[in-house]
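Residues per chain are reported as follows:
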Number of protein chains: 2
Amino acid sequence: MPQLRLALAQVNPTLGDLAGNADLVLESCRDAAARGAHVVAMPEMVINGYPTEDLSYRASFIEATRRCVDDLATRLQADGLGDLVVVVGHLDTYAGTVPERLGLPKNLPTNTASVLTGGRVVARYDKHHLPNYGVFDEFRHFVPGQETQIIQVGGVDIALAICEDIWQDGPSDAARAAEAGLLLVINGSPYEAAKDDMRLQLCARRATEANATLAYVNLVGGQDELVFEGDSIVVGPDGGIIARAAHFEPELLIVDLDLPAATAPMPGPETRFGGLRVAREVITAEPFPAYPPEPPPPMPQRWDDLGERYQAMVHGLRDYVRKNRFRSVLLGLSGGIDSALVATIAVDALGANNVYCVSNPSEWSTEHSKSDAADLARRQGLHFDTVAIAPMFQAFQDALQLDGLAEENVQARIRAVIWMGLSNQHGHLVLACGNKSELATGYSTIYGDAVGGFAPIKDAPKTLVWKLARWRNELATLRNETPPIPEAIIDKPPSAELRPGQLDTDSLPPYDLLDAVLDAYVERDLGSAQVIAEGFDPALVERVIQLVDKAEYKRRQYPPGPKISKRNFGRDRRVPITNAWREHL
Amino acid sequence: MPQLRLALAQVNPTLGDLAGNADLVLESCRDAAARGAHVVAMPEMVINGYPTEDLSYRASFIEATRRCVDDLATRLQADGLGDLVVVVGHLDTYAGTVPERLGLPKNLPTNTASVLTGGRVVARYDKHHLPNYGVFDEFRHFVPGQETQIIQVGGVDIALAICEDIWQDGPSDAARAAEAGLLLVINGSPYEAAKDDMRLQLCARRATEANATLAYVNLVGGQDELVFEGDSIVVGPDGGIIARAAHFEPELLIVDLDLPAATAPMPGPETRFGGLRVAREVITAEPFPAYPPEPPPPMPQRWDDLGERYQAMVHGLRDYVRKNRFRSVLLGLSGGIDSALVATIAVDALGANNVYCVSNPSEWSTEHSKSDAADLARRQGLHFDTVAIAPMFQAFQDALQLDGLAEENVQARIRAVIWMGLSNQHGHLVLACGNKSELATGYSTIYGDAVGGFAPIKDAPKTLVWKLARWRNELATLRNETPPIPEAIIDKPPSAELRPGQLDTDSLPPYDLLDAVLDAYVERDLGSAQVIAEGFDPALVERVIQLVDKAEYKRRQYPPGPKISKRNFGRDRRVPITNAWREHL
């Protein structure tokens, strides 16, 4: 059987930074060539970053991308890497004609994989299955490819596919029918909890269906609300795992494969599978000279269920800060669990020296809140300052004489003005500390605690916030470090401290019940009757659903934050603000 | 030729209010029956409101809708309206099977037209062309219908279509092939400037293609960022206009039509046109007894280009307030043109008694700002109050010692805290007064002047704001009323008044130039080279594009407001926040 040394480059591009991303590709190719690789696969849209959204309508952006890909081929050749076969994902335009359709961008954008070798682009594949659900809008942004692409390298037929292509039926059958030895899939597959397990199963199933080895390369890093976890994988035709790359970190994964020699006529006559024309391109028909294969790298350590979610938040925040050219963040440290977790994530993402916390005690702030916040700041070594809000509060109340909820909210908003003032003065990115339970129920003050440029825990329900805090402390203990979050913060009953003796449970059901109902209503989209059928109290269910429905306007103005669940408040769940529909009992 | 009296019910449903919307249908049917109509057509999704977005995934919502439609048929019969043929649009689920696809909602939602008569639903048509561009996401929310539906009423074959179906090629040919006498199109077609002219041309073209009379019924009213302008139309097979309904207002448009007798076999064998099966349902094969036709109603007065945009803002605001159960609005009246126009729109939408304005002068506020604001308040008779911000500003500065931009922004944010405090205390909806030029360039203070639940002029560039103000004053003059906006407000150079002598032109290019560049870059999505090729100064173009690209994070947190342009900042333009792509010169 012909041998092939394959490099999967799990990298972290920046959306829109064509030059920087091309450099990332070049660097990966140099490393891969130095390690003897024949083929280097880069992730989906590595040149542009993913997702490009409506930038796919911008002709100037696509033209610049095409120039960038052509230049990359030339640079690879000039650098003595012309023998490498490099597969890169990028935005392009469809080369054929498609039926006229209203709303179709004139330039017919495609989500493309180009094959670079010998200083040229020698083949291309356009993504065929365009996801248009969850966070994806690819039917809006691309036209689907109409061709399967087989490239022959070292006497092995390699079928190309892009991400969604293997989540839908078809391409693996086409690869089997074309008798490809390797199905190479480039991906921009965003993180959500436990998706890695699903992904491994899927790769195994498609490899078996294709009767081919399957190599899957994914992005790492954050892009607005999405985080890519890497988790690149190679599985054999029997579905058995051959190699797997790091979780959330960049890696150049190199595997030696013995693959069946190409059997189909090459270049053959035009053939079709499942309506798709099969394009074939011979790059090298002869097997590479035999060499001693290296054993696959050891399987990397993987994060557990809590760890992976925590990592997604850390990487999501780190990349939002870095890619938007901030250096530091600022948040209000209240002494409660939410801001404690956000501060800890920020320190893990950016280092304590880049994290600025402010305590803004009011008349109703408890002593333990102030001392717990100070304790956390000491443990983590972050910047900590105190600005009391009493003088501003007095000035507003002299003018407005507010009471009730209005009086409570004004305190939260004074804090926001302080944070934003410090942000404007010193250039810190403000972090919002709201959790998903709070976002769901609208239990926050809009333009108060809800302000910020990024919201690291917005997709974590409150019960998960506690679990993550305990998990992070346990990790510290395992590492013989001081637990970053004071136990008192984890143990105390949650309170907004906007009036004397206030507790969250004055306004909300206990969080374990609340989060269970939210899981049914928000994540699983059940109607009230179905939620109740799961055993919840009808009055509780109705109350929670009403809160969720009424808070949509607040969620629309909330900052972005990393998606970690199957259905985040963002692209995953798009509901009207004006909505008189009420689930009835 | 058989006669048919057709009623087009241009109504304003509320999203999710199934019972209220069913009552609207019933009321229209009573009126139509009293006026002798045979067929009543209601707009797209009239039962649910439009667009339902991800509510189409909610099984409980679809089931409630189906019950509502069945009940409606029963109620029509019980009310003695069982002979009427009533076409209503609503959410439903697909009755057939479709190929499995990842992300396809299990319940297979459809955008459906049901035909109600004799106490039952006798036929249905599922929208075939699903728009997935601009503000539309229907490929996400629905599965496409696979059948053309012809109903025979009074011996006339009527083909059904829904909105996008006539914007794409196909259905008019199918109607022609099926030899339908009438093509009945129910619509939820959102307003944008000059779309009515396009719509009339389109209807004329499709009628000619179908060789049939075409009746087009549209929604009116606001739903979040969309406004529906009505503009229901009937055109003959020669493309000539027969009748047209009011612009932006509800109307029951009744027309008497002489239509060709059905010629195709009925019920015929299954036939197909363009891949679609043709379903036929005979309701009444005999022509109705002859009656003296009434002349079509006189053509309604239509708003001119400025007037229609102003009306869209008025109706968008009015419905957002009403449908979200607010009674009153509050805004900061600065003495500048933006807040002056918003106040005027609010008074036109809600009446002066429901509009509360606050002046929040600072140290840098000019005398003319204060007096101009007071003059506007007097002219319009709205509530007007003054809360100076000096004491709060002093309290913040004592604690924070901010300078530069940070010091400017704190003033804008103090105002926001005041507005939100008054909103919380008294239940007013706060209006944000930003215009599209400001949103584009980020020339606003986030959590300052950008706060609010609704933003009536967010899709109007600054140059249009001035034109609309002048237009509104001229309308008042024509009506022998006092012009609502003091000339001094329209004539003065714009300033944020956050530091002494500040003018917008210190930070921005002159608005006529700015708006022209924004039109090229935002509305038409040109790259910088193309914009410059239109004759603009390269440095100016680069500066404007940089401002736009950097302000995306602010736009994401901006309140919703009525779409009046081809491409609003909202569903129409979806770009990443994290985006290193810069148009180069």
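Residues numbered from 1 in each chain as written. Chains lettered and ligands numbered in written order. Predicted model: local features only at pLDDT ≥ 70, side-chain atom pairs only at ≥ 80, totals over all residues. Heavy atoms only, no water.

Undergrad: Honestly, the sheet that holds strand E17 (residues 329-332) of chain B in this entry has me stumped. Any pointers?
TA: Each strand in a sheet pairs with its neighbour through backbone hydrogen bonds, running either in the same direction (parallel) or in the opposite one (antiparallel). All names here are of chain B. Judged by pairing direction, the sheet is parallel, and its four strands sit side by side in the order E19-E18-E17-E20 without closing on themselves. Edge positions in the sheet fall to strand E19 (383-386) and strand E20 (429-430), since each has one partner strand and no second. As paired elements, strand E18 (residues 355-359) and E19 share four bridges and run parallel to each other. Across the sheet, Tyr356 pairs through a bridge with His383, a residue of E19. (Pairing = 2+ DSSP bridges. Helix = DSSP H or I, 4+ residues; strand = E, 2+ residues; numbered from the N terminus.)

Undergrad: What should I look at first to understand the packing of helix H16 (residues 511-523) of chain B against helix H18 (residues 538-550) of chain B in this one?
TA: When two helices pack together, their arrangement is given by the angle between their axes and by how far apart the axes lie. All names here are of chain B. Between H16 and H18, the least distance of the axes is 10 Å, while the angle of their chain directions is 65°. As the angle between them shows, H16 and H18 are arranged roughly perpendicular. Where H16 crosses over H18, the handedness of that crossing is right-handed. When H16 is examined against H18, the residues Leu513, Leu514, Val517, Leu518, Tyr521 and Val522 are found in contact with a partner set consisting of Leu540, Val541, Val544, Ile545, Val548 and Asp549. Residues that form the contact of H16 with H18 fall into these classes: eleven nonpolar, no polar and one charged. (Axes fitted to C-alpha atoms, helices over the stretch in contact; angles between N-to-C directions. Parallel < 35°, antiparallel > 145°, perpendicular 65-115°, else oblique. Left-handed = near helix turned anticlockwise from the far one by under 90°. Contact = heavy atoms within 4.5 Å. Nonpolar A, V, L, I, M, F, W, Y, C, P; charged D, E, K, R; others polar.)

Undergrad: I'm lost on the interface of chain A and chain B in this one. Help?
TA: A common measure of how large an interface is: the accessible area buried when the components associate. Taken together, the contact pairs 81 residues of chain A with 81 residues of chain B. Regarding the contact of chain A and chain B, the summed buried area is about 7,100 Å², with carbon and sulfur atoms giving 57% of it. Three residues, Arg58, Thr578 and Trp581 of chain A, lead the burial of chain A against chain B; their summed loss comes to 11% of the area buried on that side. Run the count over chain A and chain B and you get eight salt bridges. Between Asp137 of chain B and Arg574 of chain A there is a salt bridge, with its nearest N and O atoms 3.8 Å apart. Counting the contacts that link chain A with chain B gives 39 residue pairs in polar contact (both at pLDDT 80 or more). Sorting the residues of the side of chain A that touches chain B by element identifies helix H2 (59-78), helix H3 (138-141), helix H4 (164-167), helix H7 (305-323), helix H10 (390-400), helix H11 (404-426) and helix H19 (552-556) of chain A as the ones contributing at least two each. Top element by residues in the side of chain A that touches chain B is H11 of chain A. It accounts for twelve residues. Considering only residue class, the side of chain A that touches chain B consists of 42 nonpolar, 19 polar and 20 charged. (Buried area = accessible area lost by both parts, 1.4 Å probe. Salt bridge = Lys/Arg side-chain N within 4 Å of Asp/Glu carboxyl O. Polar contact = N/O pair within 3.5 Å; in protein donor to acceptor, adjacent residues only side chain to side chain.)

Undergrad: In this structure, what is going on with the pattern of salt bridges? I would like to understand it.
TA: Note on pairing: side chains with opposite charge can pair once their charged atoms come close. Evaluation of the coordinates by the stated rule reveals 96 salt bridges over all chains. In this structure, Asp319 of chain B and Lys323 of chain B form a salt bridge, with 3.7 Å as the shortest nitrogen-oxygen distance. Of this pair, Asp319 of chain B and Lys323 of chain B both sit in helix H7 (residues 305-323), four residues apart, which is roughly one turn of that helix. Of the two residues, Asp319 of chain B and Lys323 of chain B, neither departs from the other in class, the shared state being buried. We note a salt bridge from Arg555 of chain B to Glu552 of chain B, for which the minimum N-O separation is 3.0 Å. Residue Arg555 of chain B and its partner Glu552 of chain B are both found in helix H19 (residues 552-556); the two are separated by three residues, about one turn of the helix. Glu552 of chain B shares its class with Arg555 of chain B; the two are buried. Residues participating in the shared-partner salt-bridge network are Asp54, Arg58 and Arg140 of chain A together with Asp525, Arg567 and Glu583 of chain B. (Buried < 20%, exposed > 50% of the residue type's maximum accessible area, 1.4 Å probe, protein only.)

Undergrad: In this structure, what is going on with the nonpolar core? I would like to understand it.
TA: Across soluble globular proteins, you tend to see nonpolar side chains buried next to one another. Residue and element names in this part refer to chain B. Leu331, Leu382 and Leu431 are the most contacted members of the largest nonpolar core, which totals 73 residues. The leading source of residues in this core is helix H8 (residues 337-350), at ten residues. For Leu382, the residues in contact, after removing those within four places along its chain, are Ala343, Val347, Ala352, Val355, Cys357, Leu376 and Ala377. (Core = buried A, V, L, I, M, F, W, Y, C linked by side-chain atoms within 4.5 Å.)

Undergrad: Would you take a moment to explain the pairing of strand E5 (residues 120-126) of chain A for this structure?
TA: Here is the key point about a regular strand: its side chains alternate between the two faces of the sheet. All names here are of chain A. With six bridges joining them, strand E4 (residues 109-117) and E5 adopt antiparallel strand pairing. Its bridge partner lying in E5, Ser114 is registered against Arg124. Counted between consecutive antiparallel strands, the loop separating E4 from E5 contains two residues, among which Gly118 sits at a positive phi close to 60°.

Undergrad: What is the right way to look at the side chain of Arg206 of chain A in this model?
TA: Residue and element names in this part refer to chain A. Within the fold, Arg206 resides in helix H6 (residues 195-210). Polar side-chain contacts of Arg206 include one of 3.2 Å to the backbone oxygen of Gln168. If sequence neighbours within four positions are ignored, Arg206 has contacts with Ile166, Trp167, Gln168, Asp169, Ser172 and Leu214.

Undergrad: Can you help me understand the pairing of strand E7 (residues 156-162) of chain A in this one?
TA: Residue and element names in this part refer to chain A. The buried fraction of E7 amounts to seven of the seven residues, a majority that puts the element mostly inside the structure. Summarising the sheet, E7 and strand E8 (residues 182-187) pair through five bridges and their orientation is parallel. Directly across from Ala159, in E8, lies its bridge partner Leu183.

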